[in-house]
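Reading the structure
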Amino acid sequence: MTQSSVEVPEPDWGAAETSSDLNSEGETVVDCGTCGAAFDAWVTNSAGDCHVTLNDHPDTRVQADTAFFSPEEDAWSDTDLPENPYSIWDGSYQQTCAFFDTHGEEAGDALINRMVFAQHVVALEAYLADTLLKAAMGDPKVLGRLLEHDLDLRKEKFSLLEIQANPDLVRDRVAAYLRDIRYHNLAKVNIIYKIALGVEVLVDGEAAAPLIAAMRLRHDCVHRNGFDKDGEKLANFTKAYVGATAEAFRKVVQRIDLALSPF
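Residues numbered from 1 in each chain as written. Predicted model: local features only at pLDDT ≥ 70, side-chain atom pairs only at ≥ 80, totals over all residues. Heavy atoms only, no water.

1. Points about the overall build of the protein
- Helix and strand content of the protein: nine helices and three strands.
- Along the protein, helices (α) and strands (β) appear in the sequence β-β-β-α-α-α-α-α-α-α-α-α when read from the amino end.
- The contacts in the protein between residues at least 6 apart in sequence include a share of 60% that link residues at least 24 apart. (Helix = DSSP H or I, 4+ residues; strand = E, 2+ residues; numbered from the N terminus. Contact = heavy atoms within 4.5 Å.)

What follows is the structure, given as structure tokens:
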């Protein structure tokens, strides 16, 4: 048995009016992690429930997890960073909430609820990543604080030859480091935000606890299709819970954006 990550056609979130509108399908490529061979395949994404069929081997069983949509980590560059990460987050937040108001279900195990929950998590992670990376790449003081106080970056060592070959070596290394952070690890992100920007993501224990708990559920939601590690189906994603979590995320984003605003 081998595992591989593949590209999955993303639903048209904006045009969807019913759950069936979230279905999408298209071509993809499945790479074999054992032999390195690449297989053309057809993937059907039914609101996150994926089915993959190898074109030349239709009888081969392919087990696919729930589709998860997030920015490609290795596709970021200075020019790719949004001018205003907050506006990107706000657009996602408003659109997702409007969709959920119409199509969300009361049941805690509803697929649509899990999908909306995951989208709110993705939007938060993207905002945290874009905001931090944009500040570090655009402000030498932020870059300097990271180099001075981040323990992982302080361990980095470069030869004179490497520095001579790439005058932007330090900046590039910091950018790569920030891209590799798992932004659902809010405890780590909180430390880096305090170092670089003087802003806390987690302000106190009472407010932090539900955020951290939500990120734990994110893993089961994204990687286990709504089941916990013991194989039990989670029923946490009620309409009330998803709404409350989205509100908690909103408070975090707006507080950070206000703290970093020049006015």
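So that's the structure; there's more coming.
2. Observations regarding the packing of helix α1 (residues 85-103) against helix α9 (residues 239-260)
- Where α1 meets α9, the axes come as close as 12 Å, and the angle between the chain directions of the two elements is 165 degrees. Relative to α9, the element α1 is oriented roughly antiparallel. Where α1 crosses over α9, the handedness of that crossing is left-handed. In this structure, α1 contributes Tyr86, Trp89, Tyr93, Phe100 and Asp101 to the contact, and α9 contributes Lys239, Val242, Gly243, Ala246, Glu247, Arg250, Val253, Gln254 and Asp257.
- Its residues placed into classes, the contact of α1 with α9 shows seven nonpolar, two polar and five charged. (Axes fitted to C-alpha atoms, helices over the stretch in contact; angles between N-to-C directions. Parallel < 35°, antiparallel > 145°, perpendicular 65-115°, else oblique. Left-handed = near helix turned anticlockwise from the far one by under 90°. Nonpolar A, V, L, I, M, F, W, Y, C, P; charged D, E, K, R; others polar.)

3. A few points about the environment of valine 199
- On the secondary structure map, valine 199 appears in the loop between α7 (186-197) and α8 (205-223).
- Along the sequence, valine 199 and arginine 255 sit 56 residues apart, while their C-alpha atoms lie 9.1 Å from each other.
- If near-sequence neighbours (up to four positions away) are discounted, valine 199 is found in contact with Asn190, Tyr193, Lys194, Ile256, Ala259 and Leu260.

4. Some thoughts on the side chain of arginine 250
- Locating arginine 250 in the fold gives a position in helix α9.
- For arginine 250, the side chain forms a polar contact with the side chain of glutamine 254, separated by 2.4 Å.
- Arginine 250 has contacts with Trp89 and Tyr93, leaving out every residue within four places of it along the chain. (Polar contact = N/O pair within 3.5 Å; in protein donor to acceptor, adjacent residues only side chain to side chain.)

5. Quick notes on the nonpolar core
- Leu128, Leu146, Leu178 and Val201 are the most contacted members of the largest nonpolar core, which totals 57 residues.
- Not counting chain neighbours up to four residues away, the residues in contact with leucine 146 comprise Ala136, Leu153, Val174, Leu178, Ile192, Ile195 and Ala196.
- Core analysis: the next-biggest nonpolar cluster, separate from the first, contains five residues, Val30, Ala41, Val43 and Val52 among them. (Core = buried A, V, L, I, M, F, W, Y, C linked by side-chain atoms within 4.5 Å. Buried < 20%, exposed > 50% of the residue type's maximum accessible area, 1.4 Å probe, protein only.)

6. A look at the pattern of salt bridges
- A full pass over the atoms with the stated rule returns six salt bridges.
- Of the charged contacts in the structure, one is a salt bridge between arginine 250 and glutamate 247, with a shortest N-O distance of 2.5 Å. Of this pair, arginine 250 and glutamate 247 are both found in helix α9, three residues apart, which corresponds to roughly one turn of the helix. (Salt bridge = Lys/Arg side-chain N within 4 Å of Asp/Glu carboxyl O.)

7. Considerations on the confidence of the model for the protein
- Across the protein, the average pLDDT comes to 83, with 83% of residues at 70 or higher.
- Ranking the elements of the protein by mean pLDDT puts strand β1 (residues 23-31) last, at 77, and α1 first, at 95. (pLDDT = per-residue confidence, 0-100.)

8. A look at the packing of aromatic side chains
- Under the defined criterion, the tally for this structure stands at five aromatic pairs.
- Taking the centre distance of 5.5 Å and the plane angle of 40 degrees together, the rings of tyrosine 86 and tryptophan 89 count as tilted. Taken together, the residues tyrosine 86 and tryptophan 89, both in helix α1 and three residues apart, mark about one turn of the helix. Each member of the pair, tyrosine 86 as well as tryptophan 89, is classed as buried.
- Among the aromatic residues, those joined into a ring-pair cluster are Tyr86, Trp89 and Tyr93.
- Just above the ring of phenylalanine 100 sits the side chain of lysine 239; from NZ or CZ to the centre is 5.9 Å. (Phe/Tyr/Trp six-rings, centres within 6.5 Å; stacked < 30°, edge-to-face > 60°. Lys NZ or Arg CZ within 6 Å of the ring centre and 35° of its normal.)

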